[in-house]
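# A closer look at the structure
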Amino acid sequence: RVSELITFGHLSTGASDDLQKVTQIAYSKVSQLSMYPGGGHLSFPLPGQQGAQIQKPYSDDVAELFDEEVKSIVDSAFKRTKALLEEKAEEVQRVAEHLLKYEVITR
């Protein structure tokens, strides 16, 4: 998604699976692993997972905190990835050219 923005100057819907995965990973990090400031020692299953309740086992204030923290994690990852891809633009170009020519990368 970031590479698409750098290369084409816009985002498309092509990375929707990536967005779902990064969002799920960030929510897991926050709600299940309490890996955020003030998280304490609590773990809440994600909706749809084994052990998850139909009603969330935390307050709306905690849900809002989770949402804000997840957005912060994803935004930070986007910015770090963009900076890295811009820094390594020549290497990214070489990999892209190799893949276009051979369709595979082997060691």
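First, a word on scope: everything that follows refers to the structure included in this document. Computed from a predicted structure; not experimentally measured. (Residues numbered from 1 in each chain as written. Predicted model: local features only at pLDDT ≥ 70, side-chain atom pairs only at ≥ 80, totals over all residues. Heavy atoms only, no water.)

In a regular helix each residue adds 1.5 Å, so 17 residues correspond to 24 Å; helix 2 (residues 16-32) covers 23 Å between its end C-alpha atoms and thus fits that length. Turning to helix 2, its buried residues are A26, S28, V30 and S31. Contacts made by the buried residues of helix 2 are with helix 3 (60-87). Within two residues after helix 2, S34 carries a phi angle of roughly 50 degrees, on the positive side. (Helix = DSSP H or I, 4+ residues; strand = E, 2+ residues; numbered from the N terminus. Expected span 1.5 Å × (residues − 1). Buried < 20%, exposed > 50% of the residue type's maximum accessible area, 1.4 Å probe, protein only. Contact = heavy atoms within 4.5 Å.)

Glancing now at helix 3. In an α-helix, one turn spans 3.6 residues; hence positions three or four apart end up facing the same way. For helix 3, with 28 residues, the first-to-last C-alpha span of 40 Å sits near the 40 Å given by 1.5 Å per residue. Residues of helix 3 that are buried include every one of A63, F66, E69 and V70, and no others. If you follow the buried residues of helix 3, they end up packed against helix 2.

We now examine the layout of surface pockets. Estimates place the volume of the largest pocket at around 220 Å³. Taken together, R1, V2, D18, L19, V22, V74, D75, A77, F78 and T81 form the lining of the largest pocket. Looking at the lining of the largest pocket, the elements with two or more residues in it are helix 2 and helix 3. With five residues, helix 3 is the single largest residue contributor to the lining of the largest pocket. Residues that form the lining of the largest pocket fall into these classes: six nonpolar, one polar and three charged. Within this model, the second largest pocket holds a volume of roughly 180 Å³. Lining the second largest pocket we find S3, I6, T7, L85, A89, V92, Q93 and A96. Contributions of two or more residues to the lining of the second largest pocket are made by helix 1 (2-8) and helix 4 (89-102). With four residues, the single largest contributor to the lining of the second largest pocket is helix 4. (1 Å grid on protein atoms, 1.4 Å probe; cavity = no way out; pocket = protein on both sides within 12 Å on 5 of 7 lines; lining within 4 Å. Points joined across faces, edges and corners; volume = space filled by probe spheres on them. Nonpolar A, V, L, I, M, F, W, Y, C, P; charged D, E, K, R; others polar.)

Before going further, it helps to spend a moment on the nonpolar core. Nonpolar side chains in soluble globular proteins generally cluster together in the buried interior. Formed by A26, V30, Y36, F44, Y58, A63, F66 and V70, the largest nonpolar core amounts to eight residues. Sorting the residues of this core by element identifies helix 2 and helix 3 as the ones contributing at least two each. In terms of residues, this core owes the most to one element, helix 3, which gives three residues. Ignoring sequence-local partners within four residues, the contact set of Y36 consists of V30, L65, F66 and E69. (Core = buried A, V, L, I, M, F, W, Y, C linked by side-chain atoms within 4.5 Å.)

Shape descriptors only; they carry no functional weight alone.
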